[in-house]
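Chain and residue survey
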Amino acid sequence: MQKIRAAICRAFGEDFTIEEVHLRAPMAGEVEVKIAACAVCHSDFSYHQGGWPAPLPAVYGHEAAGTVTAVGEGVSGIAPGDAVLVTLVRSCGTCPACINAHPANCEAGNHAPDGPITLPDGSPVHQGLDAGAFAEAVVVDRSQVVKIPADMPMEAAALISCGVITGVGAAVNTAGIRPGDDVVVIGAGGVGLNAIQGARIAGARRIVAVDLNPEKLDVAREFGATHGVAGEGKPWQEAKAIFGGRGADAVLVAVGAAPVYDQAVRYLAPGGRLVAVGLPRAGAGSSFQMLGVGRFAQTITGSYMGDVVLERDVPWIVDLYRQGRLRLDELISGRWTLEQINEAFADTRSGAARRNVIVFGD
Ligand SMILES: [Zn+2]
Ligand SMILES: [Zn+2]
């Protein structure tokens, strides 16, 4: 049991309070990590706003990196002193999803109601997104951490844990983009920029970014988009003109606004794949014509956490970063202390930020 500082959400939409909480030692199969950096992801924001049902009080934060400080019984392949990413992908290794190499869809549901965090009076604090990394330390399942090089900057590494694997994985793993494919990415925020990077890495021919904000389209070009289209009116017509009259082989929706899905199928070429990445709030619906989907053998599929296999995908993503082929540092728009978390969330809410990162001192 150790005492740590954490950002607690006590009421949805209200400011976080920085409080001292208790973190129990890692049990069998668990790892304790001292957090060095944790980025603010849109999912943290959605939970904080009460967009998805969850218990309170809670600690959010799941896009993190740090150093292992202790391991529980039976943990192998990781030891105190190792630099690691901390993710929300908790997997059992034995369910049908896991044995088919889709651990992000793990069906085990081994998400203990009694997490490792408690208030000083002993009452439980919900470990939001199975991580709770807006805190000085976390205790998570072994499957949620993956080793990174010791000299990797922690702020850049933290981004890989969610936004990067979600976007790059959606393009590479889920959409299966091949050299020569024409691609549309709707939404040029943190995840969208990484979907664009993934499409570029996979060899896409033309990558059209669609966003309402013209400044984001400029940023999208820096990350590999070949064209930008304003997301007003009938943007699919403009995209098809760019593709010489044909639709897109892959359309990746990287925004959580449900109405965007009403339009997304309109961008598709015959045989094209629509990949749903952005998560609308609970209860939000969408409607679109199914006729073309059947007639033109199109695919509509979801991608959760980029369908990542951490031990397979993180090492190559790290290498591409180190070779200058994948941008991470440029994704960071602000650095904040834990005490400044409410300002960091306000800045994320404004929509202008790429990624705000909470950085912890020694
Ligand atoms: Zn996230
Ligand atoms: Zn599983």
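Please refer to the structure placed before this passage.
Everything numeric here is computed off the predicted structure, so don't read it as measured data.

Criteria and cut-off values
- Residues numbered from 1 in each chain as written.
- Chains lettered and ligands numbered in written order.
- Predicted model: local features only at pLDDT ≥ 70, side-chain atom pairs only at ≥ 80, totals over all residues.
- Heavy atoms only, no water.
- Phe/Tyr/Trp six-rings, centres within 6.5 Å; stacked < 30°, edge-to-face > 60°.
- Helix = DSSP H or I, 4+ residues; strand = E, 2+ residues; numbered from the N terminus.
- Buried < 20%, exposed > 50% of the residue type's maximum accessible area, 1.4 Å probe, protein only.
- Lys NZ or Arg CZ within 6 Å of the ring centre and 35° of its normal.
- Patch = residues over 30% accessible without salt bridge, like charges linked within 9 Å, V, L, I, M, F, W, Y side chains within 5 Å.
- Areas by Shrake-Rupley, 256 points an atom, 1.4 Å probe, with all protein chains shown as cover.
- Salt bridge = Lys/Arg side-chain N within 4 Å of Asp/Glu carboxyl O.
- Donors = N, O, S within 2.8 Å, 3.2 Å for Na, K, Ca; no water.
- Tetrahedral: all angles 85-135°; square planar, octahedral: opposite > 155°, others 65-115°.
- Pairing = 2+ DSSP bridges.
- Axes fitted to C-alpha atoms, helices over the stretch in contact; angles between N-to-C directions.

All right, on to the packing of aromatic side chains then. In the structure shown here, the tally under the stated rule is 6 aromatic pairs. Taking the centre distance of 4.8 Å and the plane angle of 65° together, the rings of phenylalanine 16 and phenylalanine 345 count as edge-to-face. On the criterion of sequence distance, the pair formed by phenylalanine 16 in the loop between strand S1 (2-8) and strand S2 (17-23) and phenylalanine 345 in helix H10 (residues 341-349) is long-range, its members being 329 residues apart. In terms of burial, phenylalanine 16 and phenylalanine 345 fall into one category: buried. Seen from their ring centres, tyrosine 47 and tryptophan 52 are 5.2 Å apart, and the 80° between their planes marks the pair as edge-to-face. Of the aromatic side chains, those joined through ring pairs into one cluster are Phe16, Phe45, Tyr47, Trp52, Tyr60, Phe134 and Phe345. For arginine 327, the ring lying beneath its charged end belongs to phenylalanine 223, and the centroid distance is 5.7 Å.

Let us look at unusual backbone geometry. In the segment running from leucine 56 into proline 57, the intervening peptide bond is cis, with an omega of -10°. Structurally, proline 57 can be placed in the loop between helix H1 (42-48) and strand S4 (58-59). For alanine 101, which is not glycine, the phi torsion reads 65° and is therefore positive. Mapped onto the elements, alanine 101 comes out in the loop between helix H2 (96-99) and strand S7 (117-118). We note that leucine 129 has phi near 55°; this positive angle belongs to a residue other than glycine. Among the secondary structure elements, leucine 129 is positioned in the loop between strand S8 (126-127) and strand S9 (137-141).

Taken together, the side chains of Phe288, Met290 and Ile300 make up a nonpolar region of the molecular surface, amounting to roughly 260 Å² of accessible area. Positionally, methionine 290 belongs in the loop between strand S15 (268-276) and helix H8 (291-295).

Distances from the zinc ion (ligand 2) to its protein donors, namely Cys92 (SG), Cys95 (SG), Cys98 (SG) and Cys106 (SG), fall within the range 2.3 to 2.4 Å. Seen from the zinc ion (ligand 2), its 4 donor atoms lie at angles of 104 to 116°, and the figure they make is tetrahedral. Here the donor residues of the zinc ion (ligand 2) are spaced in sequence according to C-x2-C-x2-C-x7-C. With a gap of 11 residues between them, cysteine 95 in the loop between strand S6 (83-86) and H2 and cysteine 106 in the loop between H2 and S7 connect regions that are remote in the sequence. When its relative accessible area of 17% is taken as the criterion, cysteine 106 is described as buried.

An order of S13-S12-S11-S14-S15-S16 is seen for the 6 strands of this open sheet, with the pairing classed as parallel. Taken across any chain shown, the strands that pair with only one partner, and hence form the sheet edges, are strand S13 (227-230) and strand S16 (299-302). Ignoring which end each strand starts from, the neighbouring axes of this sheet average 20° apart. Here 5 bridges tie strand S11 (residues 182-186) to strand S12 (residues 206-211), and the two strands are oriented parallel to one another. Of the residues in S12, the one forming a bridge with valine 183 is isoleucine 207.

Everything listed here is a matter of geometry and, on its own, says nothing about what the molecule does.
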